[in-house]
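Residue-level structural notes
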Amino acid sequence: MRGLVIKNTGSWYTVRTDDGQIVESKIKGNFRLKGIRSTNPVAVGDYVELIRNQEGTAFISSIEERRNYIIRKASNLSKQSHILAANIDQVFLLVTVNYPQTNSVFIDRFLASAEAYRIPVCLIFNKTDILSAEEQHYQDMMMTLYDTVGYACHAISATSGMGIEGLKTLLRDKVTLLSGNSGVGKSTLINTLIPDVHLRTAEISDAHNTGIHTTTFSEMLAVPGGGYVIDTPGIKGFGTFDIEPAELTSYFKEIFHFSKECRFSNCTHTHEPGCAVRKAVEDHYIAQSRYQSYLNMLADKDENKYREAY
């Protein structure tokens, strides 16, 4: 029996079968022995084969080959990965310039990982309605930066409804992963997009201006009019997984563009003579923040400070 994984609570997977049944399922005992170094070998968005049992539940016996997936380092073991979702058409990365502030290093790490798996990302700037004039100016600069690099940016307010109709158009008939730090308003946005869901929300911590984690599992939710949103738990940081240093240049669009002019084909853009990338940074064709994120990912082998999760 074939089905689509629509919820993952850690030990149980909710699967919607091809004939519309909802079946609670577990992984077969030997499933973890196949060399899958992941905290969740089955992810929301996976198509799986089921073996029903007498209790009305089922075992997942196999996974169909994934079209794509987005992955990060697991928060507990550095040699393991955590798959956020599989078989997705696009990502909405929800960010806020305040309440709480989304770090540009987090954004750039996420974008680089999505580039590695060829998944389009839209940056959704939430809480626009409560920004001060200075914060609004900073958001405008951030949106201009990422739009220039090649990422679509949208300013919204999940609470007031500003910009929501435009997002509904983008969501139609697509499987969209919604991700971001805790506290940026993912649950509020989903409640606005899908009113019948009624996800729990929480105020951010005044003491630290950080999010309070409300979503504890990943779930695929149907969007009115067609399409699905995959809601995921908020994450503090994004440790990239299985990206080789030599490949990293190609996951920063603007760095890759200028790297073609470097004197050496294996230029790391750190110290080599005739480096067109460093020249582009000096000439402000590449943003200093993006270049610093590139250096950060290149040098930070351990990545512990970026992969802690709530």
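Higher on the page you've got the structure.
Below, the structure is looked at part by part. (Residues numbered from 1 in each chain as written. Predicted model: local features only at pLDDT ≥ 70, side-chain atom pairs only at ≥ 80, totals over all residues. Heavy atoms only, no water.)

1. Details of the state of the cysteines
Within the structure shown, the criterion is met by 0 disulfides. Residue C275 stays outside any disulfide, its sulfur separated by 3.8 Å from that of C267, the closest cysteine. (Disulfide = S-S within 2.5 Å.)

2. Quick notes on the environment of L178
With respect to the helices, strands and loops of the structure, L178 is situated in strand β11 (residues 175-179). Sequence-wise, L178 and F92 are 86 residues apart; in three dimensions their C-alpha atoms are separated by 4.9 Å. Residues in contact with L178, not counting those within four places in the same chain, are F92, L94, K186, L189, I190, V229, I230, D231 and T232. (Helix = DSSP H or I, 4+ residues; strand = E, 2+ residues; numbered from the N terminus. Contact = heavy atoms within 4.5 Å.)

3. Observations concerning the pairing of strand β3 (residues 22-27)
Judged by which residues are buried, β3 turns out to be one-sided: V23, S25 and I27 face inward and are buried, whereas I22, E24 and K26, on the alternate face, are not. Remark: 4 residues form the turn of the hairpin made by strand β2 (residues 13-17) and β3, two consecutive strands paired antiparallel; G20 in that turn has positive phi of roughly 95 degrees. Summarising the sheet, β3 and strand β5 (residues 58-63) pair through 3 bridges and their orientation is parallel. Looking across to β5, one finds that K26 is bridged to F59. (Buried < 20%, exposed > 50% of the residue type's maximum accessible area, 1.4 Å probe, protein only. Pairing = 2+ DSSP bridges.)

4. Some details on the pattern of salt bridges
Using the criterion set out here, one finds 10 salt bridges in the structure. The residue R2 makes a salt bridge to E64 at a minimum N-O spacing of 2.5 Å. Of this pair, R2 sits in strand β1 (residues 2-8) while E64 sits in the loop between β5 and β6 (69-73); the two residues are 62 residues apart in sequence, bridging distant segments of the chain. Among the residues examined, R2 registers a relative accessible area of 29% and is labelled partly exposed. Here D89 and R67 are joined by a salt bridge, their closest N and O atoms 3.3 Å apart. Taken together, the residues span a long stretch of sequence, with D89 in the loop between β7 (81-86) and β8 (90-95) and R67 in the loop between β5 and β6 at a distance of 22 residues. (Salt bridge = Lys/Arg side-chain N within 4 Å of Asp/Glu carboxyl O.)

5. Looking at the packing of aromatic side chains
Summed over the entire model, instances satisfying the criterion amount to 5 aromatic pairs. Measuring from centroid to centroid gives 4.9 Å for Y69 and Y117, while their planes differ by 40 degrees, and the two rings are tilted. Here Y69, found in strand β6, pairs with Y117, found in the loop between α1 (104-116) and β9 (121-125); they are 48 residues apart in sequence, far enough to count as distant. Using a relative accessible area of 26% as the deciding quantity, one classes Y69 as partly exposed. Aromatic ring contacts, followed pair by pair, group F252, Y291 and Y294 into a single cluster. A cation over an aromatic ring shows up here: R66 above the ring of Y69, its NZ or CZ 5.7 Å from the ring centre. A cation over a ring is seen here: K253 above Y151, with NZ or CZ 4.2 Å from the ring centre. (Phe/Tyr/Trp six-rings, centres within 6.5 Å; stacked < 30°, edge-to-face > 60°. Lys NZ or Arg CZ within 6 Å of the ring centre and 35° of its normal.)

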